[in-house]
Structures are given as C-alpha cells and as structure tokens.
Amino acid sequence: MKRVVLVTGASKGLGKGIASLFLNEGDIVYVNYNKSLDEAILIKGKYPNARIIKCDVTDEDQVKSMILKIKDEEGHLDVLINNAGICMDTTLEDKTKENFKKIIDVNLIGPFLVCKYAKDIMDKGCIINISSTNGIDTYYPYSMDYDASKAGLISLTHNLALEFAPNIRVNAVAPGWIHTDMNKDMSDEFKREELKHILLNRFANVEEIANVVYFLASDKASYINNSVIRVDGGLK
Ligand SMILES: NC(=O)c1ccc[n+]([C@@H]2O[C@H](COP(=O)([O-])OP(=O)(O)OC[C@H]3O[C@@H](n4cnc5c(N)ncnc54)[C@H](OP(=O)(O)O)[C@@H]3O)[C@@H](O)[C@H]2O)c1
C-alpha cells in the first residue's frame, strides 16, 4: 500500500536521494524545500507521486501550514524524515552567536517543530531523524555548532521515541561523510586526511544512506526503535 511520506530538505543532496527512493517505490512523497524551488520542480516533473511543499522548518507557522496541507490532502502521515540541515564551518573566532543559533534552529528546533505538529496526523508509522557521526563521537572544532545540534537531535530522538510509543517508531541515522553540496567547499587536503580515518576509504554516496533510511521505514525494521544507526564506512 502507498505510504504518505514527508521528507524535509528534499530539494537537494541526501533528502533528494531519500525522497527519490520512496518515490521510485510508489509512495506519495511530500518533497519539502525552502530555497531551491527549481530543484523541487524537477523532482515533481520526474515523479507524478511527488508533492512539492515550500516550508522553512524554523518557522512555526509554515510548519503548521505544511502539516495542515498534508492533513487536508491525505488525512494522515505514515513516515516523517527530518533531514533538512545546514552547517557553517569556521574558526572559533569567526563564529557568531547569530550563526550558532541559526544552526540550532534548522537542525534541532526544526525537527522538534515538525514532530510536534505531525503528531496530530500520525497514528502509526515512523519518524527518522538525520543526525551525524558528528553528534556522537567525531568532533571538529570548526563545526562545534553543527556537532552540538546533531548531538541534540539524538537526545530529541530518544525523547520522541518515548512520546510517540507504542505505535510510532522513532530512530536516528548518523551518517559519516556523504558526497553532497554540504561538502562542496571541502579542500582536497582535508578530504585526504578524512579518508585516512574511513576503513572503506571513501565517502558515502547518497543512495547508500537513503537505502538505510528506506529499510528503517519498512516493516522489515519493525522492532528497531529508539536507536541511532551509524552509517560511516567504518571509522578507525
Ligand atoms: N553531507 C554530509 O556529509 C552529511 C553527513 C552527515 C549528516 N548529514 C546530514 O544530512 C542532511 C542533509 O544534508 P545534505 O548533505 O544533503 O545537505 P545539502 O545538500 O546542503 O541539502 C540541504 C537541504 O536542507 C534544506 N534546508 C536547509 N535549510 C532549510 C530550512 N530552513 N527549511 C527547510 N529545508 C531546509 C535545503 O533546502 P533548500 O535548498 O530548498 O533551502 C536542502 O534541500 C543534513 O541534516 C545533514 O546535516 C550530511
């Protein structure tokens, strides 16, 4: 049976990869975008079962409207994937309070808001939060704000699992490095250093993370709950 799926930040990168996988499998997918309208339109053009939906996940009114639209059109939501995220890597000296708050706003308060309002239209299914190994144990002072947001998202996942039990499973996926725009400015030197710590000696493709998300949302993962699944190629 077709599921109703919402993927936040699905216009690009990992979110687009996750949305495309569910769309290919025939689900109805709400492809949330914020700024990248053109990319969202391309996804809509490719998949008739894609519904594109503009929403800045940091804006409570926009989140409410997004959930209301899904309620009006489909009546319910089966799978929620909180994927939208940003990072702003800089030296400590260049970090500002405003940018730190912006990262927490998108990466942590955004998922909180979407879950808060989605609860009204979810009576079964699952929630998957896209965290990061940076939220567990791979730390970079340049991304201390991002790392804190992703650690917070893991904490939020555990509390949401309690809140949404017993009919809705809540899990987090913690990827390592993925080939996406988020890393487009990474220097070759930094990348070479990072590869030294990855047993598979490469970054993940979007599909390799999307496959894990898809599995977690399936009945085959029916007893996986309140867990953080790391997908990082093996760190050494
Ligand atoms: N890339 C990695 O190495 C890596 C590793 C671990 C975890 N992750 C996590 O994976 C997720 C996806 O990252 P990515 O690499 O695919 O990044 P990306 O290519 O930069 O894409 C980010 C997505 O988030 C959306 N977004 C940003 N701010 C938003 C907001 N306020 N409201 C709604 N959507 C918003 C963007 O939408 P618009 O363009 O439409 O604004 C875009 O679709 C993030 O949570 C990231 O932290 C990434």
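Residues numbered from 1 in each chain as written. Predicted model: local features only at pLDDT ≥ 70, side-chain atom pairs only at ≥ 80, totals over all residues. Heavy atoms only, no water.

With respect to the site of the ligand
As a reminder of what qualifies: Think of it this way: one heavy atom of a residue within 4 Å of a molecule or strand is enough to make that residue near it. Whenever a nitrogen or oxygen atom comes within 3.5 Å of another N or O atom, the pair is scored as a polar contact, on the condition that within protein one atom can donate a hydrogen and the other can accept it, and that pairs from neighbouring residues in sequence are kept only if both atoms are in side chains. Computed by Shrake-Rupley with a 1.4 Å probe, the accessible areas treat only the displayed protein chains as cover when residues are assessed. The way it works is that DSSP assigns letters per residue, a run of H or I at least four long becomes a helix, a run of E at least two long becomes a strand, and they are numbered from the N terminus. In this classification, Asp, Glu, Lys and Arg are treated as charged, Ala, Val, Leu, Ile, Met, Phe, Trp, Tyr, Cys and Pro as nonpolar, and every other residue, Gly included, as polar.
In the region of the ligand, 32 residues are neighbours, and Leu-14, Ser-36, Asn-83, Tyr-146 and Thr-180 sit closest. Backbone polar atom of Lys-35 to an oxygen atom of the ligand: 2.8 Å apart, as the coordinates give it. The contact in question runs from an oxygen atom of the ligand to an N or O atom on the side chain of Thr-180, over 2.5 Å. Protein chains bury 94% of the 900 Å² of accessible surface belonging to the ligand in isolation. Counting only elements with at least two residues in the shell around the ligand, the list comes to α1 (13–24), β2 (28–33) and α5 (144–164). Its residues assigned to classes, the shell around the ligand shows 14 nonpolar, 13 polar and five charged.

Here we look at empty space enclosed by the protein
Put simply, the test is: Using only the protein atoms, space was sampled on a 1 Å grid; points where a 1.4 Å probe fits but cannot get out form cavities, open sets with protein on both sides within 12 Å along at least five of seven lines form pockets, and lining residues are those with an atom within 4 Å of a point. Grid points are joined across faces, edges and corners, and a volume is the space filled by probe spheres set on the points.
In total, this model carries one cavity of 30 Å³ or more according to the counting rule given. The calculated volume of the largest cavity comes to roughly 30 Å³. Taken together, Thr-8, Val-57, Asn-82, Asn-83, Ala-84, Val-106, Gly-110, Pro-111 and Val-114 make up the lining of the largest cavity. No other element matches helix α4 (residues 97–118), which puts four residues into the lining of the largest cavity. Partitioning the lining of the largest cavity into residue classes produces five nonpolar, four polar and no charged.

Looking at the pattern of salt bridges
Heads up, the rule is: Criterion for a salt bridge: a side-chain nitrogen of Lys or Arg within 4 Å of a carboxyl oxygen of Asp or Glu. Throughout, exposure labels follow a simple rule: accessible area from a 1.4 Å probe, protein chains only, divided by the maximum for the residue type, with under 20% read as buried, over 50% as exposed, and the rest as partly exposed.
Tallied over the entire structure, the rule returns 11 salt bridges. Two residues, Asp-78 and Lys-124, come together in a salt bridge whose shortest N-O distance is 2.7 Å. Of this pair, Asp-78 sits in the loop between α3 (60–74) and β4 (79–82) while Lys-124 is found in the loop between α4 and β5 (125–130), placing the two residues 46 residues apart along the sequence. Overall, Asp-78 belongs to the buried group, its relative accessible area being 4%. Across the salt bridge formed by Arg-230 and Asp-232, the nearest N and O atoms sit 2.7 Å from each other. Overall, Arg-230 belongs to the partly exposed group, its relative accessible area being 33%. Overall, the relative accessible area of 14% leaves Asp-232 in the buried class. Ionic contacts of the salt-bridge type, sharing partners, join the residues Asp-137, Arg-230 and Asp-232 into one network.

What to know about the layout of surface pockets
Quantified by volume, the second largest pocket comes out at close to 290 Å³. In this structure, the second largest pocket is lined by 16 residues; those nearest its centre are Arg-3, Gly-125, Ala-217, Ser-218 and Asp-219. Considered class by class, the residues forming the lining of the second largest pocket number five nonpolar, four polar and seven charged.

Bear in mind that shape data such as this cannot, by itself, settle questions of function.
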